[in-house]
Amino acid sequence: MTRRKSDATRQSSGKADRPKTNAEDTAGRRSFLKAAALFAGGTVAGTVASPFLAYPKAQAAAKTDRRYVTGRKPQAIENNQYPRTYYPGTELIGESEMRVTALGTGMPTQTPNQKAACFLVELGNGDHFLFDIGTGSTENIAGLQLDYSKLDKVFAGHLHTDHIGDLHTLWIGGWINGRYTPIHVYGPSGAKPELGTEHLVKHMQETWRWDILGRSGVLPDAGGRMVAHEFDYRKTHVIYEENDVKITSFPAIHIMDGCVSFRLDWKGLSFVFSSDTRPNKWFIEEAKGADLVVHECFFTAEQWQRIAGFTYPNALWVTNYIHTPPGAFGKVMAAVKPRHAVAYHFWNHPDILPETLEEVRKTYDGPLTLADDLTVFNVTKDHIEVREATIDRSSWPVLASAAYNKAPRSERASGLMSDLVNDGIWEGFKPPPIPQQ
Ligand SMILES: [Zn+2]
Ligand SMILES: [Zn+2]
């Protein structure tokens, strides 16, 4: 087994989303000004033109092969010779391979570098699963230029915004860009019905009624729906079983009832995801010996006091009683002994990282990654590769498929724009008539 990334894992100099240098910023501004001047009919280096004349025509875009979103043909990886950087859309997943991408590893107040909790699992059989969909994580999903029609299953460990706060963005955004079937949300029940997943999903659809109605007719009907699959948080049980994939939910301990962790099993490979929890007996049991084990690794009480300004008693409560501080994360992993341990749910800040690593290493000396957003794990029976992904920061969506364009649609909403607003249409612009579909 080889791993390219070492313990500390942060490769700030090689990250795609590192802050721009002054030189890059200046260059960026220059090219923007050049484009702006051209657009305004100005002259740059003797040219008089709109840069938009150079844009590909719609027909040309339609010929683009949807499989090659990055313009490169995806390659099979042989003999574990992975490129040092993962460029989305360029690698085929092996038939018995699991690829896990950290799309959110941070805190409820996401930063440009770290979104809130989200892990994507892609399998060699073509299946995609999202574990948590924390605030900001859809930005990284967009960066990977994935086919949204495949991102229709979300497994939520609990209903904090840093674990499900981007559900509406995935739901609506995915509907606009390729998903023509409902999105399925698997999540726990709560101490009361109104604290469960079903309640959240139902009321989220109520909340976004204006949005859904306004898009209906143009977008396929089924893609605008969300289906809740609420299950009992108290049991250790299989909550999903299809296509040889088995996902088990088991209880977690985090502030109130209604929190779970997950284990995915497929073709002898396993992925375990804690969502949020303090160390608990179920996790030790279920994660034992698994391949890739992701567990939250919060702050020490002292760190939280220093970073967040909490009083010591409150900092201690948050870090040690409802979460897992780094030393306890290490203890959990020492008991579980995974093939590879993954820590997440901390600010991957250079002022904290060495201390966090030191704390973990006091109690655990096995294979470890302190995950960052866009850390990628390729897992097979004989190998685990750990790298960073480089994403296009202005990524295109994948083109809408024929199936998307053919999927049934209702009539566009009508009668909901008043004469007062209609009378405001400016005569100075007349769009061309809309042809029959
Ligand atoms: Zn939480
Ligand atoms: Zn959390």
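Procedures and definitions
Residues numbered from 1 in each chain as written. Chains lettered and ligands numbered in written order. Predicted model: local features only at pLDDT ≥ 70, side-chain atom pairs only at ≥ 80, totals over all residues. Helix = DSSP H or I, 4+ residues; strand = E, 2+ residues; numbered from the N terminus. Buried ≥ 20, exposed ≤ 12 C-beta atoms within 10 Å, placed from the backbone. Contact = placed C-beta atoms within 7 Å. Core = buried A, V, L, I, M, F, W, Y, C linked by C-beta atoms within 7 Å. Arc of directions from axis to C-beta. Pairing = 2+ DSSP bridges. Axes fitted to C-alpha atoms, helices over the stretch in contact; angles between N-to-C directions.

A. Region of interest: the overall build of the protein. Along its length, the protein carries 14 helices and 16 strands. Counting across all 437 residues of the protein, residues that qualify as buried make up 41%. The contacts of the protein with a sequence gap of at least 6 include a subset with a gap of at least 24, amounting to 67%.

B. Region of interest: the nonpolar core. Formed by 91 residues in total, the largest nonpolar core has its most connected members in F119 and V121. With near-sequence residues (within four places) excluded, V121 lies in contact with M98, V100, F129, F131, L264 and F271.

C. Representation of helix α9 (residues 301–308) within the structure. Among all positions of α9, only A301, Q303 and W304 are buried. Buried residues of α9 fall within an arc of 155 degrees about the axis and therefore sit on the same side. Contacts made by the buried residues of α9 are with α10 (312–321) and α12 (353–361). Just downstream of α9, G309 is the residue with a positive phi angle, here 80 degrees.

D. Quick peek at the sheet that holds strand β4 (residues 128–131). Here 9 strands make up an open sheet; going across it, the order is β1-β16-β15-β2-β3-β4-β5-β6-β7 and the pairing mixed. With partners counted over all chains shown, the strands left at the sheet margins are β1 (85–86) and β7 (226–231), one partner each. On top of the sheet, helix α5 (residues 167–176) reaches β5 (153–155), β6 (183–188) and β7; it is set at about 165 degrees to β6, its chief contact. Lying over the sheet, helix α6 (residues 197–207) contacts β6 and β7, oriented at roughly 165 degrees with respect to β7.

E. Seen up close, the sheet that holds strand β13 (residues 340–344). One open sheet accounts for 7 strands, arranged β8-β9-β10-β11-β12-β13-β14; its pairing is mixed. Only two strands of the sheet have a single partner each, and these edge strands are β8 (237–242) and β14 (368–370). Averaged over neighbouring strand pairs, the angle between their axes works out to 15 degrees when direction is ignored.

F. Quick peek at the pairing of strand β3 (residues 118–123). Of all the 6 residues making up β3, 6 are buried; the element is thus mostly covered by neighbouring parts of the structure. Because side chains alternate across β3, one face comprises the buried residues C118, L120 and E122, and the other comprises F119, V121 and L123, equally buried. Sheet topology places β3 next to β4; 4 bridges connect them, and they run antiparallel. Counted as the bridge partner of V121 is F129 from β4. Here β3 folds back onto β4 in antiparallel fashion, the turn holding 4 residues, of which G126 has a positive phi close to 95 degrees.

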